[in-house]
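What the coordinates show
Spelled out, the chains give:
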Amino acid sequence: MPASALGERLHRLTRPGELWESLSEGRVRCFACGHRCLIPPGRDGICRVRFNDAGTLRVPYGYVASLQLDPVEKKPFFHALPGARALSFGMLGCDYHCGYCFVPGTEVSTAGGPRAIDALFRRGEPVLETGIDAVALSPGVEVTTHRGRARSVRGVFRHHYSGPLMAIALKSGSEIRATIDHEFLVSARAARGWPPPSFFVPASAITPEFDLLEPGADGSFRRRAIGDTRLLTYDGPVYNLEVEEDSTYLVNGAAVHNCQNWITSQALRDPSAIAPPQSVTPADIVALAKRHGAPIVTSTYNEPLITSEWAVTVFREAKAAGLVCSYVSNGNGTPEVLDYIRPWVSLYKVDLKSFRDRHYRELGGTLERVLWTIRALHEKGFWVEIVTLLVPGFNDSDEELTDIARFLVSVSADIPWHVTAFHKDYKMTGPDNTNVATLLRAAEIGRKEGLRFVYAGNIPGGVGKWENTYCPGCGALLIERYGFRVLANRVASGACPDCSRAIPGFWAA
């Protein structure tokens, strides 16, 4: 299809938004997420899907990019209609961004020798061109991954970037210029003969104390010594790749992660998503939920806050039909958007990714905003559950887990906290998988700090009692689970059948 077809399609699938205010000189202020973007005429917000059209903020409307039927436990909600199914829908766009990009001319190692990353873009089939973003699919090349294997490139992403770059000068004489968040596989200098570990770090954290690593055919790594690093400013096109399976590739011989981007995550990972988003009506979504016996409708997959006008339109009809509505969100909220969705949204899951602000700033957000959102959700009467994906070496220290648990207790000891296992084939390939011992340690910390409902997930059958719900009064087993399956449920009335203690949750539609 023409390069602009998807962009034009998305542009048409919009309407004037409701979460914004008009300012001088045609500018608008958006209230959909914590960025509160100030958008001049003709420009879009950080999410790339809310844009200023001649002084009017236009927002996504009338389509779905993903639609799926899931157990509500998969969201995960463990205290909301246990065993029920949820019809989940998503659009496009995200208000967090990990900038994994290189400047034109950066050499990528391919089976046919080094190729410039922008040349790979020109070789692919263009499927999106918005003027700012562009995607080209299937350039027909294989690149070398950090495991030394040849893997196909699914697509190449280009966008305009204005901001800081890291210039990494190698002692061999070459230089790599990357956005500051792009992650490289590095190793520290060996000490006393002990082989140092290898791990991925963002370009902004690289110093000459590290070596970049280039994989060999035998599974070993060649160490690429760094001479110097410096910070530059840049304004122009940047590129990145999406690679099959290993999700890594080599630039100038150094192993790096592939991109994590809102367009590629939708348009490249799933071949069926290359087609334009499907136009639907709220009535279509409600009818589908009814037909499949799903009492819950969930806005998820992309960040639902930035498509709240469409979600509320769907939820008005869903609630009138007796369905329960929910958000699965990163928690980057504002007072305006929470007030806007409150009459319609009953259940709200927040991903609390870390308790360190620097990690949130790497994603383009702030920890303070997410913590504010969690407090505000609880105060406004949403049923809230929190999930923390434990990534070894990133957020799994006793200190950080204790900080998270204490914060949640300060909001409410009844908030369920799900600590879930990272798998290296999920979004990153560097850290090890989260083991059972780490999940159990995190769960014990949560319980010790006073949380009444702590759950360990992503390893069905491997975490013992931490998949189940117990009465915090008498200790009776109330809900028995195996992964996302409910094996037994004794909370039909919202209370413990043994001691009559009320169990916080959303037990009846």
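Look above for the structure.
Conventions and cut-offs
- Residues numbered from 1 in each chain as written.
- Predicted model: local features only at pLDDT ≥ 70, side-chain atom pairs only at ≥ 80, totals over all residues.
- Heavy atoms only, no water.
- Phe/Tyr/Trp six-rings, centres within 6.5 Å; stacked < 30°, edge-to-face > 60°.
- Helix = DSSP H or I, 4+ residues; strand = E, 2+ residues; numbered from the N terminus.
- Salt bridge = Lys/Arg side-chain N within 4 Å of Asp/Glu carboxyl O.
- Buried < 20%, exposed > 50% of the residue type's maximum accessible area, 1.4 Å probe, protein only.
- Contact = heavy atoms within 4.5 Å.
- Expected span 1.5 Å × (residues − 1).
- Core = buried A, V, L, I, M, F, W, Y, C linked by side-chain atoms within 4.5 Å.
- Pairing = 2+ DSSP bridges.
- Axes fitted to C-alpha atoms, helices over the stretch in contact; angles between N-to-C directions.
- Parallel < 35°, antiparallel > 145°, perpendicular 65-115°, else oblique.
- Left-handed = near helix turned anticlockwise from the far one by under 90°.
- Nonpolar A, V, L, I, M, F, W, Y, C, P; charged D, E, K, R; others polar.

Examining the packing of aromatic side chains
A complete count under the given rule lists 10 aromatic pairs for this structure. With a centroid separation of 6.2 Å and an interplanar angle of 55 degrees, the aromatic rings of F315 and Y327 are classed as tilted. Of this pair, F315 sits in helix 5 (residues 308-320) while Y327 sits in strand 25 (residues 324-329), and the two are 12 residues apart along the sequence. Consider the rings of Y327 and Y348, whose centres lie 5.6 Å apart with planes at 50 degrees: the pair is tilted. A residue pair is termed long-range when its members are at least 10 positions apart, and Y327 in strand 25 and Y348 in strand 26 (residues 347-351) qualify at 21 residues.

Considering the pattern of salt bridges
Pairs can form between side chains of opposite charge whenever their charged atoms are close. Under the definition given, this model contains 18 salt bridges. Among the salt bridges present, the one from E214 reaches R224, with a minimum N-O distance of 3.6 Å. Of this pair, E214 sits in strand 19 (residues 210-215) while R224 sits in strand 20 (residues 221-243), and the two are 10 residues apart along the sequence. Note on R224: relative accessible area 9%, which makes it buried. D403 is the partner of R356 in a salt bridge, and the nearest nitrogen-oxygen pair spans 3.1 Å.

Some words on the side chain of N252
With respect to the helices and strands, the residue N252 is situated in the loop between strand 21 (248-251) and strand 22 (254-257). Ignoring sequence-local partners within four residues, the contact set of N252 consists of T106, E107, L170, S174, E175, I176 and R224.

What about helix 5?
Spacing of three or four residues puts side chains on the same side of an α-helix, whose turn is 3.6 residues. Given a rise of 1.5 Å per residue, 13 residues ought to cover 18 Å, and the 18 Å separating the end C-alpha atoms of helix 5 matches this to within 8%. Turning to helix 5, its buried residues are S308, E309, W310, A311, V312, T313, V314, F315 and A318. Downstream of helix 5 by a residue or two, G322 has a phi angle that is positive, lying close to 85 degrees.

What about the nonpolar core?
With 66 residues, the main nonpolar core has Y348 and W417 as its most contacted residues. Aside from chain neighbours lying at most four places away, what touches W417 is I386, T388, L401, I404, A405, L408, A442, G446, L451, F453, V454 and Y455. Core analysis: the next-biggest nonpolar cluster, separate from the first, contains 31 residues, V108, A178, A203 and I226 among them.

Comments concerning the sheet that holds strand 30 (residues 469-470)
On the basis of which strands lie adjacent, the open sheet formed by 3 strands has the order 30-31-32 and antiparallel pairing. In this open sheet, the two edge strands, each paired with only one partner strand, are strand 30 and strand 32 (485-489). Pairing of strand 31 (residues 477-482) with strand 32, which is carried by 4 bridges, proceeds in the antiparallel orientation. Within strand 32, the residue paired with Y482 across the bridge is R485.

Quick look at the packing of helix 4 (residues 282-291) against helix 5
The interhelical angle for the contact between helix 4 and helix 5, taken along N-to-C directions, is 50 degrees, at an axis separation of 9 Å. Classed by the angle they form, the pair helix 4 and helix 5 counts as oblique. Regarding helix 4 and helix 5, the two cross each other, and that crossing is right-handed. The residues of helix 5 that touch helix 4, namely those facing P282, A283, I285 and V286, are W310, T313, V314, E317 and A318. Taken together, the residues of the contact of helix 4 with helix 5 break down into 7 nonpolar, 1 polar and 1 charged.

Concerning the packing of helix 8 (residues 367-379) against helix 9 (residues 398-411)
Viewed as axis vectors pointing N to C, helix 8 and helix 9 meet at an angle of 30 degrees, and their least axial separation amounts to 10 Å. When the interaxial angle is binned, helix 8 and helix 9 end up roughly parallel. Along this stretch, helix 8 crosses helix 9, giving a crossing that reads as right-handed. Two secondary-structure elements touch here, helix 8 through L371, I374, R375 and H378 and helix 9 through F407, L408, S410 and V411. When the residues that make up the contact of helix 8 with helix 9 are grouped by side-chain class, the tally is 5 nonpolar, 2 polar and 1 charged.

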